[in-house]
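# Geometric and topological summary
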Amino acid sequence: MSTTASEQHPSDRQDAPALLDSLRLAAMDIKLAHSVFALPFALLAAFLARDEHGSPARFAAQLGLVVVCMVCARTFAMLVNRLADRRWDAMNPRTHRRVIASGRLSVGRAAVVTLAAAGAFILACAGFWAAFGNPWPILFSLPTLVWIAFYSVTERFTVLCHFFLGGALALSPLAAAIAVRPGALAEWAPSGSIQYTGFGVGATLALLSGMVLLWVAGFDIIYALQDVEFDRAARLSSIPARLGPRGAIWVSRALHALAFGLLVLAGASSWKLGWLFDSAVGLVGVLLVIEHAVLATRGKAGLDMAFFTLNGVVSCALGVAGIIDLLN
């Protein structure tokens, strides 16, 4: 016999609101809007790797799965970070109000949401196999989750933690290309007419991935300037804690200069990327200079603008300009 709503156990009726509340609290803590740092590069890579003679409907479905994978992967990685760092977050005046550190979201509920995000990511990866016959995303799904979660413990033992974060985000263009057309990564010479110059899609993707690694590591060093004193007291590792703010800023500048160089090479490596992408590359150079000028003149007071605003514009400008070029 079916059970009426009035006969359901009260805890059953509370399950859905409890889950929604957990999701709401988790979303507050991980700032889904910050997916903007990696998502444009994943979408740009998908357009670079796509089969130009394939079905638009097929590619649209692939893009949808790429977006789902990106959001789920970032949600998982950020929640692992918040769970792993909850003791330090609770002691740090800057982070003690985070929902897990403050106890507003219990460790148990946060773990459930974390596992749900991991499960959703694996299912989305499986969708590429089920719908498009591409098994590589599901084969790489667990190693990817392990890698992006590993960043959360690196601050315990190495000042290179910033590069582990950069490496996690640098996976995004490579993973998107594998999901859309795995063979694209192996194309290191131009295909088609001999009039085309430059390298193949694989070379462009590798250069973009290297750019993301250095760019993210550089701005993560800037972000870590907020916690120099706390990191030293808690014996956590970071370049600012090891070298001090002045030394860390110079490391960040060097990384961003190298990242810009790789970006220039990425644009030059592909005949598919035209003047609009080149213009965006120029804009990125200007924005990186502004980012460090703001940091030099305003110090920690300029971190929000230097870290969030300008870097968000960098990724969006490159993604949008590159995609428009590829569609022309």
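Provided above is the structure to which this section pertains.
The sections below set out a description of the structure shown in this document. (Residues numbered from 1 in each chain as written. Predicted model: local features only at pLDDT ≥ 70, side-chain atom pairs only at ≥ 80, totals over all residues. Heavy atoms only, no water.)

## Points about the overall build of the protein chain
Regarding its fold elements, the protein chain presents 12 helices and zero strands. Secondary structure elements of the protein chain occur, N-terminal to C-terminal, as α-α-α-α-α-α-α-α-α-α-α-α. For the protein chain, with 328 residues in total, the buried portion stands at 48%. Restricting to contacts in the protein chain with at least 6 residues of sequence separation, those with at least 24 account for 72%. (Helix = DSSP H or I, 4+ residues; strand = E, 2+ residues; numbered from the N terminus. Buried < 20%, exposed > 50% of the residue type's maximum accessible area, 1.4 Å probe, protein only. Contact = heavy atoms within 4.5 Å.)

## Focus on helix H7 (residues 161-180)
In an α-helix there are 3.6 residues to a turn, and that puts residues three or four apart on one side. Given a rise of 1.5 Å per residue, 20 residues ought to cover 28 Å, and the 30 Å separating the end C-alpha atoms of H7 matches this to within 8%. Helix geometry: H7 is bent most strongly at Pro-173, by close to 30 degrees. Where burial is concerned, most of H7 is hidden: 15 out of the 20 residues are buried. (Expected span 1.5 Å × (residues − 1). Bend = angle between axes of the 7 residues up to and from the residue.)

## What to know about the environment of Pro-135
Along the chain, the position of Pro-135 falls in the loop between helix H5 (107-132) and helix H6 (136-154). Between the alpha carbons of Pro-135 and Ile-178 there is a distance of 9.8 Å; along the sequence they are 43 residues apart.

## As for the packing of aromatic side chains
Per the counting criterion, the structure on display carries 11 aromatic pairs. Ring centres of Phe-150 and Phe-164 lie 5.5 Å apart, and the angle between their planes is 75 degrees; this geometry places the pair in the edge-to-face category. Linking Phe-150 in helix H6 with Phe-164 in helix H7, this pair joins segments that are 14 residues apart in sequence. On the basis of an interplanar angle of 80 degrees and a centroid distance of 5.0 Å, the ring pair of Trp-215 and Phe-219 is categorised as edge-to-face. Placement of both Trp-215 and Phe-219 in helix H8 (residues 201-224) is noted, with a separation of four residues, approximately one turn of the helix. Judged on exposure class, the residue Trp-215 and its partner Phe-219 are both buried. Following the ring pairs from residue to residue traces out a cluster consisting of Phe-37, Phe-41, Trp-215 and Phe-219. Taking NZ or CZ as reference, Arg-87 lies 4.3 Å from the ring centre of Trp-88, over its face. The side chain of Arg-253 reaches across the aromatic face of Trp-250, ending 4.4 Å from its centre. (Phe/Tyr/Trp six-rings, centres within 6.5 Å; stacked < 30°, edge-to-face > 60°. Lys NZ or Arg CZ within 6 Å of the ring centre and 35° of its normal.)

## What to know about the pattern of salt bridges
Considering all chains together, one arrives at five salt bridges under this definition. Note that Glu-52 is salt-bridged to Lys-272, the shortest N-O span being 3.2 Å. With Glu-52 in the loop between helix H2 (39-49) and helix H3 (56-84) and Lys-272 in the loop between helix H10 (239-269) and helix H11 (275-298), the pair connects residues that are 220 residues apart, well separated along the chain. Judged by relative accessible area, Lys-272 falls into the buried class, the value being 18%. Of the charged contacts in the structure, one is a salt bridge between Arg-156 and Asp-85, with a shortest N-O distance of 2.8 Å. (Salt bridge = Lys/Arg side-chain N within 4 Å of Asp/Glu carboxyl O.)

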